[in-house]
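# Reading the structure
Letter by letter, the chains look like this.
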Number of protein chains: 2
Amino acid sequence: MSEVLAVSKPGDWRATDPQNTLYVDLPAGRVVIELAPAFAPLHVENIKRLVREGYYDGLRIIRVQDNYVAQWADPDNRHPTASSGKSMPPEFERPLTANIPFSMLPDGDVYAPEVGFSGGLPAARDAKHGLMWLAHCYGMVGVGRDVNPGSGSGAEIYVVIGHSPRHLDRNVALVGRVLRGIELLSSLPRGTAAMGFYEKPQQPAAIMKVRLEADVAAAEREDLEVIRTDTQTFAALIESRRNRWDSWFAYRADRVELCNVPIAVRTAAAKAPSSKAP
Amino acid sequence: MSEVLAVSKPGDWRATDPQNTLYVDLPAGRVVIELAPAFAPLHVENIKRLVREGYYDGLRIIRVQDNYVAQWADPDNRHPTASSGKSMPPEFERPLTANIPFSMLPDGDVYAPEVGFSGGLPAARDAKHGLMWLAHCYGMVGVGRDVNPGSGSGAEIYVVIGHSPRHLDRNVALVGRVLRGIELLSSLPRGTAAMGFYEKPQQPAAIMKVRLEADVAAAEREDLEVIRTDTQTFAALIESRRNRWDSWFAYRADRVELCNVPIAVRTAAAKAPSSKAP
């Protein structure tokens, strides 16, 4: 994979969209999340309203369940804002339309008729029923809800930190993916109550501040770039994961599963060296 | 799943085998590993020799790579023992024989012709070629090796702490599974050098002591029981994961992937209540 990325061209990458990128600041550092308005536009809009209302600032991570999720919320609704009680319709799937990109993987999937990548996100589709949805891979970000499918507002957010819980697909609104800093969530102490909830507030688990990249001064931005998933370079990256050609491998799988394909992210500054002529 | 386990019978569970169970003591607590002599007998034998030689005592976890593995070793070979330099032949697959149990999952797999469970471990098989092997699910324990497939001794051990890296199947000797305490490994700080290696020794990552359960006084044993994977109860557990019947689920997958089936573990003391008549 590193060999594929080393010869990538500037056009194989895209900058994050400041209007759809979140900076989540924890005491230990920053988690950067790319939002997915193509799949959950109403949830994403409400999350952006919550960010600008300061709703998340000062909340805590209340749940870290091993091999599953890290989650933050205001469980007792002690600090409501104008948008924190607004429930969104269940954006769990979207219609399969011609204008949405999809780079299909060749090796099948246990859960869905077809899987692949759409706009830099792991996705699945069912052509027969004309539906498409995001897949619960490591690092994906979803909106917690109650039993009523239309009860999610974005006030409660979880991030997948374990083996892909694909049974959640089509059951919640996935709203984005962690681009950087997931290890700050995945290495948090696990909660000791049922379902990984913390029994008491944990020191390292405060959400200090959440901001939209667009609201951060240009000089302070992360300048991340994400690999485009509809290019020859990404197809080569997939091939490099299907068949590991380094000599360590005694057996080459000749196959790859959706959540085992890394969607590369880099700092934009890194593009300069790799675009120089040798 | 909890409903299935609540009505399980004593015969649905088996005690751990003291001759094939390891206690790995870290400063934060104990990791219990069940060894898999049916799949990697020579590696398991050598690991047991290393345990009894005290080889692992005082080693450190040297690598924690996010969404991948935690690994311990004596990288500079500063404390060799009689068995630490003994390389084992590559026990990456085993012949498919009639006497080895296999409970097959019905929903297919991206990597293998058939997947299921064998003796409480996630496994795959290829009937056409008469082969069977263990699968790299969360919590599985493997033996690190160099480029030479026959270079693993058990002196270097890794545990899967992320999405299942199934491309490693058939490339390393999987020697067991973590029954308890994986969160002590999965929540360790990630290493900041390439491939998650620690740049300097990390305080919480010492391996204080590793013992075989058989060498621990009876009063100090964990008394764990593992669910049998060849029973009607386990089949019911699989069904409960294929179709989540609680009302939260708006969409039921009707499918389950190998590494999403939990292999339940309990303390033997827990068996008394659940075997009482209601």
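Just so we're clear, the structure is a prediction, and the values are computed from it rather than from any experiment.

Rules used in this analysis
- Sequence order as written defines residue numbering, which begins from 1 separately in each chain.
- Going through the entries in the order they are written, you letter the chains from A and number the ligands from 1.
- Per-residue local features are limited, in this predicted model, to residues with pLDDT of at least 70; the limit for side-chain atom pairs, both in listing and counting, is 80 or more; totals at the level of whole chains, interfaces and linings are taken over all residues.
- Side-chain calculation: all heavy atoms of the structure are included, whereas hydrogens and water are not.
- The predictor attaches a confidence to each residue, and that confidence, scored 0 to 100, is pLDDT.
- By the convention used here, residues are in contact when the closest approach between their heavy atoms is within 4.5 Å.
- For two strands to be treated as a pair, DSSP must find at least two bridges joining them.
- By definition, any uninterrupted DSSP run of H or I lasting at least four residues is a helix, any uninterrupted run of E lasting at least two residues is a strand, and each is numbered from the N terminus.
- The axes are straight lines fitted to the C-alpha atoms, using for helices just the contacting stretch, and the angles between their N-to-C directions are given from 0 to 180°.
- Buried area: the accessible surface (1.4 Å probe) lost by two parts on joining, summed over both.
- A side-chain nitrogen of Lys or Arg and a carboxyl oxygen of Asp or Glu constitute a salt bridge if their distance falls within 4 Å.
- Only centres within 6.5 Å qualify two rings of Phe, Tyr or Trp (six-membered ring in Trp) as a pair; their planes then separate them into stacked at under 30 degrees, edge-to-face at over 60, and tilted for everything else.
- We call a residue buried when its accessible area falls under 20% of the maximum for its residue type, exposed when it is over 50%, and partly exposed in between, using a 1.4 Å probe and counting protein chains only.
- Over a ring means this: the NZ of a Lys or the CZ of an Arg is within 6 Å of the ring centre and within 35 degrees of the ring normal.
- Multiplying 1.5 Å by the residue count of a helix minus one yields the expected span of that helix.
- Each copy is superposed on the other by least squares, with the fit set by C-alpha atoms of residues at a pLDDT of at least 70 in both.
- Note that a disulfide, as used here, is simply two cysteine sulfur atoms within 2.5 Å.

## Description of the confidence of the model for chain A
Residues and elements named next belong to chain A.
- Averaged over all residues, the pLDDT of chain A is 94; the fraction at 70 or higher stands at 97%.
- Here residues 271-278 is modelled with pLDDT under 50, and outside its nearest four sequence neighbours on either side it reaches six contacts, counting other chains as well.
- For this predicted complex, the interface confidence reaches an ipTM of 0.95, while the overall pTM sits at 0.95.

## Remarks on the sheet that holds strand β16 (residues 265-267) of chain B
All names here are of chain B.
- Strand order in the open sheet made by the three strands is β1-β15-β16, with antiparallel pairing throughout. The outermost strands of the open sheet, each flanked by one partner alone, are β1 (13-15) and β16. Ignoring strand direction, the axes of neighbouring strands in this sheet form an average angle of 35°.
- The pairing of β1 with strand β15 (residues 224-227) spans three bridges and is antiparallel. Bridge assignment links R14 to a residue of β15, and that residue is V226.

## Comments concerning the interface of chain A and chain B
- Taken together, the 43 residues of chain A in the interface contact 43 residues of chain B.
- Summed over both sides, the interface between chain A and chain B buries roughly 3,700 Å², with carbon and sulfur atoms accounting for 56% of that surface.
- It is A:V110, A:H163 and A:W248 that lose the most area in chain A upon contact with chain B, and together they represent 22% of the buried surface on that side.
- Taken together, the links from chain A to chain B amount to zero salt bridges.

## Considerations on the packing of aromatic side chains
- Summed over all chains, the structure comprises six aromatic pairs over all chains.
- Ring centres of A:W248 and A:F249 lie 4.9 Å apart, and the angle between their planes is 85°; this geometry places the pair in the edge-to-face category. With respect to burial, A:W248 and A:F249 carry one shared label: buried.
- One cation-aromatic arrangement involves A:R170 over A:W133; the distance from NZ or CZ to the ring centre is 3.9 Å.
- Across the ring face of B:Y251, the terminal group of A:R170 is positioned such that the distance to the ring centre comes to 4.0 Å.

## Considerations on helix α2 (residues 41-52) of chain A
All names here are of chain A.
- Along its twelve residues, α2 runs 17 Å from first to last C-alpha, staying within 8% of the 16 Å computed at 1.5 Å per residue.
- Every buried residue of α2 is accounted for by H43, V44, N46, I47, K48, L50 and V51.
- Close packing links the buried residues of α2 with β2 (21-26), β3 (29-35), β11 (140-143), β12 (157-160), β13 (174-180) and β14 (209-212).

## Quick look at the pairing of strand β8 (residues 114-118) of chain B
Residues and elements named next belong to chain B.
- For β8, the buried fraction is high: four of the five residues fall into the buried class.
- Relative to β8, strand β7 (residues 103-104) runs antiparallel, the two sharing two bridges. Its bridge partner lying in β8, M104 is registered against G116.
- Judged from the five bridges that link them, β8 and strand β9 (residues 121-126) form a sheet pairing that is antiparallel. The partner of F117 across the bridge, within β9, is P122.
- A loop of two residues connects β8 with β9, the two strands running antiparallel in sequence, and G119 in this loop sits at a positive phi of about 60°.

## Considering unusual backbone geometry
- A positive phi is found at A:D223, a non-glycine position, where the angle reads about 55°.
- Within the secondary structure, A:D223 is located in the loop between β14 and β15 (224-227).
- On the basis of relative accessibility, which here comes to 45%, the residue A:D223 falls in the partly exposed class.
- One non-glycine residue, B:N67, lies in the positive phi region at around 60°.
- In this structure, B:N67 sits in the loop between β4 (60-64) and β5 (69-73).

## Focus on the relation of the copies chain A and chain B
- Of the two same-sequence chains, chain A is brought onto chain B (RMSD 0.0 Å, axial shift 0.0 Å) by a rotation of 180°. Both copies are brought into coincidence by an operation consistent with a two-fold rotation axis.
- Most of the interface of chain A is mirrored in chain B, where 100% of its interface residues are also at the interface.

## Section: the pairing of β3(A)
Residues and elements named next belong to chain A.
- β3 sits mainly inside the fold: five of its seven residues count as buried.
- Note that β2 and β3 share six bridges and pair antiparallel. Residue pairing across strands places V24 opposite V31, the latter belonging to β3.
- The antiparallel pairing of β2 with β3 creates a hairpin that spans two residues between the two strands.
- Of the strand pairs in this sheet, β3 and β13 are connected by four bridges, and their pairing is antiparallel. Pairing of V32 across the sheet is with R180, part of β13.

## Let's talk about the state of the cysteines
All names here are of chain A.
- Applying the stated criterion to the full structure yields two disulfides over all chains.
- Between the sulfur atoms of C137 and its disulfide mate C259 the distance is 2.0 Å. Handedness here is read from the sign of the S-S torsion; for C137 and C259, about -75°, the answer is left-handed. Of the two residues, C137 sits in the loop between β10 (131-134) and β11 while C259 sits in the loop between α4 (232-242) and β16 (265-267), which places them 122 residues apart along the sequence.
- Judged by relative accessible area, which is 5%, C137 ranks as buried.
- Note on C259: relative accessible area 10%, which makes it buried.

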